[in-house]
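An overview of the molecular structure
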Amino acid sequence: MISRRNVMAGIGAGVASAVAGPAMAQSFPFKPNQRYPDPAVEILDPSFAKYRLYSSTLEQVATGMRWAEGPAYFPEGGYLLFSDIPNNRIMKFSEKDGSLSVFRSPANFANGNTRDRQGRLVTCEHSVTRRVTRTEKNGKITVLADSFEGKRLNAPNDIVVKSDDTIWFTDPVFGIAGEWEGFKTKPEQANTNVFRIGTDGKLTAVITDLVNPNGLAFSPDEKKLYVVEWKGTPNRSIWSYDVNADGTVGNKSKLIDAADQGSLDGFRVDRDGNLWCGWGSNGTLQSEPTDVNGRKIYQLKGKPEDLDGVMVFSPQGKPLAFIRLPERCENLTFGGPKNNRLYMAACHSIYALYLEAHGAT
């Protein structure tokens, strides 16, 4: 039996490939599983069975990126926007005709994207400008935040909009820590904060004690804020905070620990409060080398092919399911006309899966 992880000859019909040009990157063929239910969906707890569509299979809808991130769905136009960070562009996948096109290039190494309550694109520009912007309906770009207490932001990463129209984003150093996702430079901020932009435009640091916060999301009732911390504990973790009426947070507790092999990045929450988390290897090496064909090699803790995909957790942090992907998943979002299509940004490709779960709005 041919595994979905094996490289197939040719790309399946109907899959959008990357736009040709100098930014063209790796395109990978993918063959959907022929059987229902799709074995890529692994149920870890029986309570997840109600979310699985028996006759739905994992699809690759686009490929050809170098590092896909920050997917955001726009129901008005039936399309997905997402970042291809090293290629310095934002891409657009159309559900209507399956086409893939460049939405914006250059994009200041954009990372996280979201849709605000008025249907506008809000973007974390990860490097160069190091700011949060909003794209107005007429195409004009409005700068929402680019500095805090007189110093430039680090590298805005992921972003969400609360129902009261406040905007919350993380500000780690990834976009300025090297030359891959932007340009290396020295950070000006003393901390790597989680920020809140009020409806009056005021920028407030609501969380200041996390080491490189990454993905973030609210619970469906917005009483909890979840934030990924990058190896600060020492493993990647999701912290849960109570959200106060005045826009502050309190009562911090650890909800999920990725252990010493897994990697948490971006995630989203469904209507029932479950957390759908991008997952993969965190790149940690084993403490001792292994002899491989006469060479001493420091191998990874855990095999990427066993870790790449999406982990689903209950609101209490209990593992419910794992969706296997042939690439590591960085971030994801719910979309489609019924808000039940999970779009997964995974390294070089975008994958999609219809579910009986719906994204929290």
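These numbers come from a predicted model, not from an experiment.

Considerations on the pairing of strand β30 (residues 349-354)
Within a regular strand, side chains alternate between the sheet's two faces. The element β30 is largely enclosed, with a buried count of five among its six residues. Bridge count between strand β29 (residues 341-346) and β30: six bridges; the pairing is antiparallel. Bridge pairing links methionine 344 to tyrosine 351 in β30. A loop of two residues connects β29 with β30, the two strands running antiparallel in sequence, and cysteine 347 in this loop sits at a positive phi of about 55°.

Remarks on the sheet that holds strand β8 (residues 110-115)
To summarise the sheet geometry, strands pair through backbone hydrogen bonds and adopt either a parallel or an antiparallel arrangement. As summarised here, the arrangement of the four strands in space is β8-β9-β10-β11, forming an open sheet in which the pairing is antiparallel. The sheet is open, and its two edges are formed by β8 and β11 (141-145), each paired on a single side. Averaged over all pairs of adjacent strands, the angle between strand axes in this sheet comes to 25°, irrespective of strand direction. Of the pairings in the sheet, the one linking strand β9 (residues 121-125) to strand β10 (residues 131-135) comprises five bridges and is antiparallel in character. For leucine 121, the partnering residue across the bridge sits in β10 and is threonine 135.

Topic: the nonpolar core
If you look at the biggest cluster of nonpolar residues, it comprises 23 residues, and the most contacted ones within it are Phe48, Leu58, Trp276, Val310, Leu325, Leu342 and Met344. Within the residue set of this core, elements represented by two or more residues are β26 (309-313), β27 (319-324), β28 (331-335), β29 and β30. Counting residues in each nonpolar core, the second largest holds 17 residues, with Tyr226, Leu255, Cys277 and Met311 among its members.

Concerning empty space enclosed by the protein
What the rule picks out here adds up to one cavity of 30 Å³ or more. The calculated volume of the largest cavity comes to roughly 40 Å³. Lining the largest cavity we find Pro37, Asp38, Val41, Arg52, Leu53, Ser56, Leu353, Tyr354 and Leu355. In the lining of the largest cavity, the residues fall into six nonpolar, one polar and two charged.

A short note on the layout of surface pockets
Counted as a void, the largest pocket has a volume near 700 Å³. For the lining of the largest pocket, the elements supplying multiple residues, two or more each, are β4 (68-74), β8, β14 (159-161), β18 (213-218), β22 (267-269) and β28. Along the lines of polarity and charge, the residues of the lining of the largest pocket split into 15 nonpolar, eight polar and five charged. The calculated volume of the second largest pocket comes to roughly 250 Å³. In this structure, the second largest pocket is lined by 13 residues; those nearest its centre are Trp67, Glu181, Arg236, Asp265 and Arg328. Along the lines of polarity and charge, the residues of the lining of the second largest pocket split into five nonpolar, three polar and five charged.

Side note on the packing of aromatic side chains
A full pass over the atoms with the stated rule returns 13 aromatic pairs. An angle of 50° between the planes, with centres 5.6 Å apart, marks the rings of phenylalanine 48 and tyrosine 51 as tilted. With 6.2 Å between their ring centres and 20° between their planes, tyrosine 73 and tyrosine 343 make a pair best called stacked. Pair noted here: tyrosine 73 is in strand β4 and tyrosine 343 is in strand β29, with a separation of 270 residues, a long-range link.

Considerations on the environment of glutamate 305
Within the element layout of this structure, glutamate 305 appears in helix α1 (residues 304-307). Residue classification places glutamate 305 among the partly exposed positions, given a relative accessible area of 38%.

Considering the sheet that holds β22
Pairing is antiparallel in the open sheet, where five strands are placed in the order β2-β27-β26-β23-β22. Of all strands in the sheet, those bounded by a partner on one side alone are β2 (41-43) and β22. Here the strands of the sheet are splayed against their neighbours by 20° on average, with no regard to which way each runs.

Rules behind the numbers
- Residues numbered from 1 in each chain as written.
- Predicted model: local features only at pLDDT ≥ 70, side-chain atom pairs only at ≥ 80, totals over all residues.
- Heavy atoms only, no water.
- Buried < 20%, exposed > 50% of the residue type's maximum accessible area, 1.4 Å probe, protein only.
- Helix = DSSP H or I, 4+ residues; strand = E, 2+ residues; numbered from the N terminus.
- Pairing = 2+ DSSP bridges.
- Axes fitted to C-alpha atoms, helices over the stretch in contact; angles between N-to-C directions.
- Core = buried A, V, L, I, M, F, W, Y, C linked by side-chain atoms within 4.5 Å.
- 1 Å grid on protein atoms, 1.4 Å probe; cavity = no way out; pocket = protein on both sides within 12 Å on 5 of 7 lines; lining within 4 Å.
- Points joined across faces, edges and corners; volume = space filled by probe spheres on them.
- Nonpolar A, V, L, I, M, F, W, Y, C, P; charged D, E, K, R; others polar.
- Phe/Tyr/Trp six-rings, centres within 6.5 Å; stacked < 30°, edge-to-face > 60°.

The analysis is restricted to geometry; functional conclusions fall outside its scope.
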